[in-house]
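A look at the structure
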Amino acid sequence: MFEAGHLTLIERPRETGVGFDPATARRLAQAGPACTVLAGREVVACAGLQRLWAGVAEAWAVIDDGLDRSEGVALHRTIRRVLDMSMRHLPLHRVQMAV
């Protein structure tokens, strides 16, 4: 379960050019489905969808830059499965993301 404060617990957030101040974090927590990914007790990623309008959402993610290759691959696969399920169940016909 994602909570706005989880974003501040990522030790080495990958530089995205997008700032996540407390107000933005709270807005994302209410904007659509989101999750926090843990490695043991450490927060290593937060990701979610922000609904823009009917059938359309924007994906967002903050990922710890310290993940090793196997952790990154596992995270990618998990996010891909969650996005696929979200497209079917929300229902969405488009998910966009600025990279």
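Residues numbered from 1 in each chain as written. Predicted model: local features only at pLDDT ≥ 70, side-chain atom pairs only at ≥ 80, totals over all residues. Heavy atoms only, no water.

1. Looking at the sheet that holds strand E4 (residues 94-96)
Within the open sheet, the four strands sit side by side as E1-E2-E3-E4. Their pairing is mixed. Two strands bound the open sheet, and with one partner strand each, they are strand E1 (34-39) and E4. Each adjacent strand pair in this sheet contributes to an overall mean axis angle of 20°, direction not counted. As judged from the six bridges shared by E1 and strand E2 (residues 42-53), these two strands associate in the antiparallel manner. (Pairing = 2+ DSSP bridges. Helix = DSSP H or I, 4+ residues; strand = E, 2+ residues; numbered from the N terminus. Axes fitted to C-alpha atoms, helices over the stretch in contact; angles between N-to-C directions.)

2. Some details on unusual backbone geometry
Put simply, Leu 90 and Pro 91 share a cis peptide bond, and its omega is -25°. Assignment of secondary structure puts Pro 91 in the loop between helix H2 (69-89) and E4.

3. Observations concerning helix H1 (residues 22-31)
Residues three or four positions apart in an α-helix share a direction because the helix packs 3.6 residues into each turn. Listed as buried for H1 are Thr 24, Ala 25, Leu 28 and Ala 31. Buried residues in H1, looked at end-on, bunch into an arc of 125°, giving them a common side. Away from its buried face by more than 90 degrees, H1 exposes Pro 22 and Gln 30. Contacts from the buried residues of H1 go to E2 and strand E3 (56-63). (Buried < 20%, exposed > 50% of the residue type's maximum accessible area, 1.4 Å probe, protein only. Arc of directions from axis to C-beta. Contact = heavy atoms within 4.5 Å.)

4. Describing the packing of aromatic side chains
This structure, assessed with the given rule, holds one aromatic pair. Between Phe 2 and Trp 60, the ring centres sit 5.3 Å apart and the planes meet at 65°, which makes this aromatic pair edge-to-face. You can see Phe 2 sitting in the segment before H1 and its partner Trp 60 sitting in strand E3, a full 58 residues away along the chain. When its relative accessible area of 7% is taken as the criterion, Phe 2 is described as buried. (Phe/Tyr/Trp six-rings, centres within 6.5 Å; stacked < 30°, edge-to-face > 60°.)

5. A look at the environment of Ala 45
Mapped onto the elements of the fold, Ala 45 is located in strand E2. Judged by its relative accessible area of 2%, Ala 45 is buried. Ignoring sequence-local partners within four residues, the contact set of Ala 45 consists of Ile 10, Cys 35, Thr 36, Val 37, Val 62, Ile 63 and Leu 75.

6. Focus on the nonpolar core
Within the largest apolar cluster, ten residues are counted, these being Phe 2, Ala 4, Leu 7, Ile 10, Ala 25, Leu 28, Val 43, Cys 46, Trp 60 and Val 62. Looking at this core, the elements with two or more residues in it are H1, E2 and E3. Of all hydrophobic cores here, the second largest spans seven residues; its members include Val 44, Ala 47, Ile 63 and Leu 75. (Core = buried A, V, L, I, M, F, W, Y, C linked by side-chain atoms within 4.5 Å.)

7. Looking at the pattern of salt bridges
Using the criterion set out here, one finds four salt bridges in the structure. Measuring nitrogen to oxygen at the nearest pair gives 3.2 Å for the salt bridge that ties Glu 11 to Arg 12. A salt bridge links Arg 14 to Asp 65, with the nearest nitrogen and oxygen atoms 3.1 Å apart. Separated by 51 residues along the polypeptide, Arg 14 in the segment before H1 and Asp 65 in the loop between E3 and H2 bring together distant segments of the chain. Classification of Arg 14 by relative accessible area gives partly exposed; the value is 38%. (Salt bridge = Lys/Arg side-chain N within 4 Å of Asp/Glu carboxyl O.)

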